[in-house]
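Here are the chains, one letter per residue:
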Amino acid sequence: MDDRRDPDHREPELEGSEIEASEIEEPDNLRLVHLLRAVTVEFGLRQADFAARNGMHPTDVRALICLLDAARAAEPATAGLLGARLGLNSAGTTAVIDRLERLGHVARIRDDHDRRRILLHVEPAAIRLGREFFGPLIDGVLQVLDSFDPAERETVRRFLTATHAAFAPEPRP
């Protein structure tokens, strides 16, 4: 900056510089991204609330979700799979599994097909606990989906699937 400027010089004032965030027009696609982010933030807050109410760390809740997802996909749930999906090293993964096992939410079970491998199983009591808390939220989402016709639901499915792939560009273990 030049200190020898004319002392009477004034920077031009921007008219309407006190623009409210709500007044900024966003492209439709960006509004959808922000809405998706808002939904994920709300879901994360609910997960944190569930964790706090049940003496868990938020990572423990994410671990339970990963294990339930693996069970739904008929994937063998191992410590390695869990660590990879959560982005944890082996010590962190063991700590999560130990906490969940201590709370009675997860059991380590020897694989019937490979006795050297230990599988992780979510206990029925943990599933019931999750349903009690998240059930009303899930029911609300299901009611919203029921208001969509099959083509609209397919569009939502395609969008969420593609968005998930955009966030997880590498194949998941």
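Residues numbered from 1 in each chain as written. Predicted model: local features only at pLDDT ≥ 70, side-chain atom pairs only at ≥ 80, totals over all residues. Heavy atoms only, no water.

### Focus: the overall build of the protein
Looking only at helices and strands, the protein features 6 helices and 2 strands. Start at the N end of the protein and walk to the C end: the helices and strands fall as α-α-α-α-β-β-α-α. Looking at the 173 residues of the protein, the share that counts as buried comes to 20%. Summarising the internal contacts of the protein: among those between residues at least 6 apart in sequence, 47% fall at separations of at least 24. A total accessible area of about 13200 Å² is found for the protein, and carbon and sulfur atoms account for 56% of it. (Helix = DSSP H or I, 4+ residues; strand = E, 2+ residues; numbered from the N terminus. Buried < 20%, exposed > 50% of the residue type's maximum accessible area, 1.4 Å probe, protein only. Contact = heavy atoms within 4.5 Å. Areas by Shrake-Rupley, 256 points an atom, 1.4 Å probe, with all protein chains shown as cover.)

### Remarks on a nonpolar patch on the surface
Taken together, the side chains of Leu 32, Leu 35 and Val 39 present a nonpolar region at the surface, about 280 Å² in accessible area. Within the secondary structure, Leu 35 sits in helix H1 (residues 28–53). Overall, Leu 35 belongs to the exposed group, its relative accessible area being 51%. (Patch = residues over 30% accessible without salt bridge, like charges linked within 9 Å, V, L, I, M, F, W, Y side chains within 5 Å. Salt bridge = Lys/Arg side-chain N within 4 Å of Asp/Glu carboxyl O.)

### Quick notes on the packing of helix H2 (residues 58–72) against helix H3 (residues 79–86)
Packed helix pairs are specified by the crossing angle of their axes together with the interaxial distance, meaning the distance between the axes. Their axes nearest at 10 Å, the elements H2 and H3 cross at an angle of 120°. Here H3 runs oblique to H2, going by the angle between their axes. Of the two elements, H2 crosses H3, and the hand of that crossing is right-handed. Contacts from Thr 59, Arg 62, Ala 63, Cys 66, Leu 67 and Ala 70 in H2 reach Leu 81, Leu 82, Arg 85 and Leu 86 in H3. Residue classes in the contact of H2 with H3 are distributed as 7 nonpolar, 1 polar and 2 charged. (Axes fitted to C-alpha atoms, helices over the stretch in contact; angles between N-to-C directions. Parallel < 35°, antiparallel > 145°, perpendicular 65-115°, else oblique. Left-handed = near helix turned anticlockwise from the far one by under 90°. Nonpolar A, V, L, I, M, F, W, Y, C, P; charged D, E, K, R; others polar.)

### Some thoughts on the side chain of His 105
Locating His 105 in the fold gives a position in the loop between helix H4 (90–102) and strand E1 (106–110). For His 105, the residues in contact, after removing those within four places along its chain, are Met 56, Leu 64, Leu 100, His 121, Val 122, Glu 123, Ala 126 and Leu 129.

### Describing the packing of H1 against H2
For the pair H1 and H2, the least separation of the axes is 8 Å and the interaxial angle reads 105°. In this view, H1 runs roughly perpendicular relative to H2, as classed from their interaxial angle. Along its contact with H1, which presents Phe 43, Gln 47, Phe 50 and Ala 51, the element H2 presents Pro 58, Val 61, Arg 62 and Ile 65. Here the residues of the contact of H1 with H2 are counted per class, giving 6 nonpolar, 1 polar and 1 charged.

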